[in-house]
Amino acid sequence: MPSKMTASAPAASPWLKLATLSGVLFLHVPLALIVLYAFSSEDKSYVFPPPGLTTEWFAVALERQDVWEAITLSAQVALVATAIAIVLGTLAAGGLARTKFFGREAISLLLILPIALPGVVSGIALRSAFHTMEIPFSFWTIVIGHATFCVVVVYNNAVARLRRISPSLLEASMDLGANAFQTFRYVLLPQLGSALLAGGLLAFALSFDEVIVTTFTAGQQTTLPIWMLQELIRPRQRPVTNVVAVFIIALTFVPIVAAYWLTRSDEDSHHR
Amino acid sequence: MSATAAGTLSERTSTALITRRGLLLTALLVPPLLWFGVVYVGSLLSLLANSFFGLDDFTGQVVREMSLNNFREILTPTYLDVAFRTTLMAAAVTIACTVIGFPVAYYMARHARGPQKAILYIAVMLPLWSSYLVRLYAWKLLLAKEGAVVWMLKALHLEWLLEALLATPVIGGNSLSFSPLGTFIVFVYMWLPFMILPIQAAIERIPGAMLEASSDLGASPAQTFGNIVLPLAMPGIAAGSIFTFSLTLGDYIIPQVIGNSSQYIGQVVYRQQGVAGNLPFAAAFSLVPILVIAIYLWLAKRKGAFDAI
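What counts and how
Sequence positions are assigned chain by chain, starting from 1 and proceeding in written order. Written order decides the labels, with chains lettered from A and ligands numbered from 1. A pLDDT threshold of at least 70 governs which residues receive local features in this predicted model, and a stricter bar of 80 or more applies before side-chain atom pairs are shown or counted, although totals over entire chains, interfaces and linings include all residues. Heavy atoms from the whole structure form the basis of all side-chain values; hydrogens and water molecules are not counted. Here a helix means four or more residues in a row that DSSP labels H or I, a strand means two or more in a row labelled E, and each is numbered from the N terminus. We compute the radius of gyration over the C-alpha atoms and compare it with the globule rule, which gives 2.2 Å times the number of residues raised to the power 0.38. Relative accessibility thresholds used throughout: buried, under 20% of the residue-type maximum; exposed, over 50%; partly exposed, between the two (1.4 Å probe, protein chains only). It only takes one pair of heavy atoms within 4.5 Å for two residues to be counted as in contact. Computed by Shrake-Rupley with a 1.4 Å probe, the accessible areas treat only the displayed protein chains as cover when residues are assessed. His is not counted, nor are the chain ends; Lys and Arg add positive charge and Asp and Glu add negative charge. A charged residue contributes its charge at one atom only: NZ of Lys, CZ of Arg, CG of Asp or CD of Glu. Excluding any residue in a salt bridge, patches collect residues exceeding 30% relative accessible area, merging like charges within 9 Å and nonpolar Val, Leu, Ile, Met, Phe, Trp and Tyr side chains within 5 Å. Take a side-chain nitrogen of Lys or Arg and a carboxyl oxygen of Asp or Glu: if they are within 4 Å of each other, that pair is a salt bridge. A pair of Phe, Tyr and Trp rings is counted when the ring centres sit within 6.5 Å of each other, with Trp represented by its six-membered ring. The angle between the planes then sorts it: under 30 degrees is stacked, over 60 is edge-to-face, the rest tilted. Charge-over-ring placement is defined geometrically: NZ (Lys) or CZ (Arg) within 6 Å of the ring centre, and within 35 degrees of the ring normal. Note on method: axes are straight lines fitted to C-alpha atoms, helices fitted across the in-contact stretch only, with angles between N-to-C directions ranging 0 to 180 degrees. An angle counts as roughly parallel when it lies under 35 degrees, as roughly antiparallel when it exceeds 145, as roughly perpendicular when it falls between 65 and 115, and as oblique in every other case. For any helix crossing, the convention is left-handed if the near helix is rotated counterclockwise from the far helix by under a right angle, and right-handed if that rotation is clockwise. What pLDDT reports is the predictor's confidence in each residue, on a scale of 0 through 100. Expected span of a helix, by definition, is 1.5 Å for each gap between consecutive residues, and there is one gap fewer than residues. Polar contacts, as used here, are pairs of N or O atoms within 3.5 Å; protein pairs need one atom able to donate a hydrogen and one able to accept it. Residues neighboring in sequence count only if both atoms are side-chain atoms.

Asker: How should the overall build of chain A be read in this particular structure?
Answerer: When helices and strands are counted, chain A shows twelve helices and zero strands. When the helices and strands of chain A are listed from N to C terminus, the series reads α-α-α-α-α-α-α-α-α-α-α-α. In terms of C-alpha radius of gyration, chain A reaches 23 Å, well past the compact-globule figure of 19 Å for 272 residues. In terms of overall dimensions, chain A has a C-alpha envelope of 75 × 70 × 35 Å along the principal axes. Taking all 272 residues of chain A together, 49% fall into the buried category. Expressed as a percentage of contacts within chain A between residues at least 6 apart in sequence, the contacts between residues at least 24 apart total 72%. For chain A, the exposed surface amounts to about 13,400 Å²; the carbon and sulfur share of it is 66%. Measuring between centres, the 17 positive side-chain charges of chain A sit 9 Å from its 16 negative side-chain charges.

Encoded structure:
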């Protein structure tokens with residue numbers, strides 16, 4: 001009887017392979033089709049198969065003023081929200097990474113809550129708070145909402161990295177005469193750097209894509225997802241929407257892959 | 001060299017932070033806690049408070065008097081209907097995601113190795129990384145009458161199946177993109193990665209030796225699956241179901257874009273606070289999904305879902 005000494009994979013039944021392949025295709029075909037449709041020469045755009053292929057719609061999309069305004073607003077919101085999230089997330093991570101005190105678990109839960117609760121609940125909670133305090137909806141209300149749920153993303157990355165940094169590095173720095181601020185600036189920050197960058201990239205992508213909470217906290221502002229949502233409900237020029245969709249895929253895909261690459265070594269050492 | 005004990009301000013602060021652990025901890029945690037306390041917890045409290053308020057009939061302004069009117073109105077057939085429909089959809093989506101996702105997760109955990117495993121992992125995560133709205137938009141195009149799905153069904157000579165499904169009373173509609181059936185398909189598509197990943201993690205934790213021992217003791221593959229794999233994968237299924245359930249309960253965009261006029265919880269909340277201007281009622285109604293999720297989380301905890309996260 002042959003013994004399985006090596007950890008080779010047992011053979012899978014063809015049904016299992018088929019089921020797996022179907023599942024993966026189900027996940028990816030819609031996205032591939034959107035990219036295809038961006039090149040479709042048909043105006044109605046969802047006709048399949050597309051009668052012809054063209055790149056004219058990219059030029060048309062570039063000239064649409066409302067698209068540019070939406071992209072600009074989304075980018076601005078994302079940048080400010082990410083900056084706030086990096087500061088708050090790093091502080092929280094510094095406080096919670098290696099300490100044990102009463103209430104630590106509760107604070108972790110509090111940070112996760114904005115993402116854990118359904119977007120509708122977070123959205124309407126924020127809206128009711130702004131309404132009660134009579135704060136008008138503006139750029140800053142959007143930013144406040146986004147920053148709140150971006151914190152946990154930065155926090156996770158920072159904690160994972162902080163748990164990898166040996167405390168003796170910090171002690172050695174102080175033994176050699178540096179005070180706390182110098183230690184932070186010259187020893188801790190460079191070590192944390194790529195984790196914070198990764199967290200920031202993820203937060204940016206999250207904020208750029210966010211729509212549910214944004215619809216509750218925006219006034220007349222149109223971020224790119226809100227623009228997209230309006231196009232979904234009342235389409236103006238479908239081909240332009242397709243082009244913008246492809247653009248969004250690229251724009252949110254890149255930061256996430258970059259963040260993954262920056263923190264891949266943290267994943268291995270993250271013990272549960 | 002460095003200054004003595006009576007040094008500069010920064011040096012004295014630095015010494016205080018290092019020697020007094022509590023001070024450092026407080027300094028680190030106060031800003032985020034202040035933000036979350038004021039912004040987030042404050043919002044949730046304001047939500048709770050608003051759910052007890054009402055609207056003045058003449059001015060349409062919020063009247064800050066406590067009453068249970070909103071909750072009485074929720075218990076009427078119209079809104080109970082909405083809550084029930086949403087919960088039913090959430091349950092159906094959860095089941096479908098489990099059925100479709102389990103084989104993928106099982107293959108990834110037990111049969112894929114090396115580069116194939118990494119590719120599969122990225123393949124499952126990739127849709128999550130793409131924008132939610134773009135994925136929804138893709139399906140809007142796919143499900144349209146001249147779209148790809150109908151084209152494929154025609155190519156397979158299955159149009160009669162589509163027409164039969166669309167004619168069914170509860171789930172059918174004018175076309176796939178304006179029917180609960182279409183809503184269901186899109187929900188399943190959106191949350192499928194959330195189900196696959198926890199199940200895969202749970203199955204990976206099953207030691208291979210256990211499965212080998214099972215077959216050594218004479219169990220057929222089906223018996224091994226039913227008695228060993230499935231119970232051990234259950235925490236993963238429960239964890240994934242938390243995502244699918246909670247995400248479906250709160251979503252108001254998918255039913256609006258790919259549905260008919262039947263309402264879901266998220267839509268009611270959104271409309272009430274927006275067009276109808278009835279923020280208190282919307283606040284009260286949004287407590288319904290919180291309650292349903294709390295019950296579901298309690299049930300999931302009993303099944304051991306939190307061990308799998």
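Asker: Is there a simple way to explain the overall build of chain B in this structure?
Answerer: Scanning chain B for helices and strands turns up 14 helices and two strands. Taken over the C-alpha trace, chain B has a radius of gyration of 26 Å; the compact-globule value for 309 residues is 19 Å, which it surpasses by more than 25%. Projecting the C-alpha coordinates of chain B onto the three principal axes gives extents of approximately 85 × 75 × 35 Å. The buried share of chain B, taken over its 309 residues, is 49%. In chain B, the proportion of contacts linking residues at least 24 apart, taken out of those at least 6 apart, comes to 67%. As displayed, chain B offers around 14,900 Å² of accessible surface, 69% of which is attributable to carbon and sulfur atoms. Charge separation in chain B, taken as the distance between the mean sites of 18 positive and 14 negative side-chain charges, equals 8 Å.

Asker: Can you help me understand the interface of chain B and chain A in this one?
Answerer: The figure often quoted for interface size is the accessible area lost as the parts come together. Tallying the contact residues gives 79 residues for chain B and 82 residues for chain A. In terms of residues, the side of chain B that touches chain A owes the most to one element, helix α2 (residues 21–52) of chain B, which gives 16 residues.

Asker: I'm lost on unusual backbone geometry in this one. Help?
Answerer: Negative phi characterises most residues that are not glycine, and trans characterises most peptide bonds. A positive phi angle is found at E134(A), which is not glycine, with a value near 55 degrees. Note that E134(A) resides in the loop between α5 (119–132) and α6 (139–162). A positive phi angle is found at H157(B), which is not glycine, with a value near 55 degrees. Within the secondary structure, H157(B) sits in the loop between α7 (148–155) and α8 (159–167). On the basis of relative accessibility, which here comes to 60%, the residue H157(B) falls in the exposed class.

Asker: It is not clear to me how a nonpolar patch on the surface should be interpreted in this structure. Could you clarify?
Answerer: Residue and element names in this part refer to chain B. Taken together, the side chains of W160, L161, L165, V170 and I171 present a nonpolar region at the surface, about 490 Å² in accessible area. Residue position: L161 is located in helix α8. Given the relative accessible area of 35%, L161 is considered partly exposed.

Asker: What am I meant to see in the packing of aromatic side chains here?
Answerer: The geometry of two aromatic rings is summed up by the distance between their centres and the angle between their planes. Per the counting criterion, the structure on display carries 21 aromatic pairs over all chains. On the basis of an interplanar angle of 65 degrees and a centroid distance of 5.9 Å, the ring pair of F26(A) and W139(B) is categorised as edge-to-face. With one member in each of two chains, F26(A) in helix α1 (residues 14–38) and W139(B) in helix α6 (residues 132–143) form a pair that bridges those chains. The exposure class of W139(B) is buried, given its relative accessible area of 6%. Ring centres of Y79(B) and F281(B) lie 4.8 Å apart, and the angle between their planes is 55 degrees; this geometry places the pair in the tilted category. Taken together, the residues span a long stretch of sequence, with Y79(B) in helix α4 (residues 77–110) and F281(B) in helix α14 (residues 279–302) at a distance of 202 residues. Each member of the pair, Y79(B) together with F281(B), is buried. Above the plane of the ring of F137(A) lies R127(A), whose end atom (NZ or CZ) is 4.5 Å from the centre.

Asker: Would you mind going over the environment of F281(B) with me for this structure?
Answerer: Residues and elements named next belong to chain B. Given a relative accessible area of 2%, F281 falls into the buried group. For the pair F281 and S67, spaced 214 residues apart in sequence, the C-alpha separation works out to 11 Å. Discounting residues that sit within four places of it in the chain, F281 has contacts with N70, E73, I74, Y79, V268 and Q272.

Asker: Whenever I open this one, the pattern of salt bridges confuses me. Can you help?
Answerer: Two side chains bearing opposite charge may form a pair once their charged atoms approach each other closely. Considering all chains together, one arrives at five salt bridges over all chains under this definition. When the shortest N-O distance is used, the salt bridge between E231(A) and R64(A) registers 3.8 Å. Taken together, the residues E231(A) in helix α10 (residues 224–233) and R64(A) in the loop between α2 (56–63) and α3 (65–96) connect sequence positions 167 residues apart. R64(A) shares its class with E231(A); the two are buried. Note that E204(B) and K117(B) form a salt bridge whose closest N and O atoms lie 2.6 Å from each other. With a gap of 87 residues between them, E204(B) in helix α9 (residues 180–204) and K117(B) in helix α5 (residues 114–129) connect regions that are remote in the sequence. Relative accessible area serves as the criterion here: at 37%, E204(B) is assigned to the partly exposed category. On the basis of relative accessible area, K117(B) is assigned to the partly exposed category, the value being 23%. The network of salt bridges with common partners includes R64(A), D66(A), E231(A) and R236(A).

Asker: Just checking my understanding: could you explain the packing of α4(B) against α9(B) for this structure?
Answerer: For any two helices packed against each other, one specifies the inter-axial angle together with the distance between the axes. Residues and elements named next belong to chain B. With their axes 6 Å apart at the nearest point, α4 and α9 run at an angle of 40 degrees to one another. Relative to α9, α4 is oriented oblique. Crossing of α4 against α9: the hand is right-handed.

Asker: Help me understand the confidence of the model for chain B, please; the structure alone is not making it clear to me.
Answerer: Reading predicted coordinates in detail is not appropriate for stretches of low pLDDT. Overall, the prediction assigns chain B a mean pLDDT of 83, with 95% of residues at 70 or greater. In the model output, the complex is listed with pTM 0.81 alongside ipTM 0.78.

Asker: Which parts of the structure should I look at to understand α6(B)?
Answerer: Residue and element names in this part refer to chain B. The end-to-end C-alpha separation of α6 is 17 Å, in line with the 16 Å expected for twelve residues at 1.5 Å each. Along α6, twelve of the twelve residues are buried, which leaves the element largely enclosed by surrounding structure. Listing the buried residues of α6 in full gives Y132, L133, V134, R135, L136, Y137, A138, W139, K140, L141, L142 and L143. Looking at where α6 begins, the residue whose side-chain oxygen comes 3.2 Å from the main-chain nitrogen of L133 is S131.

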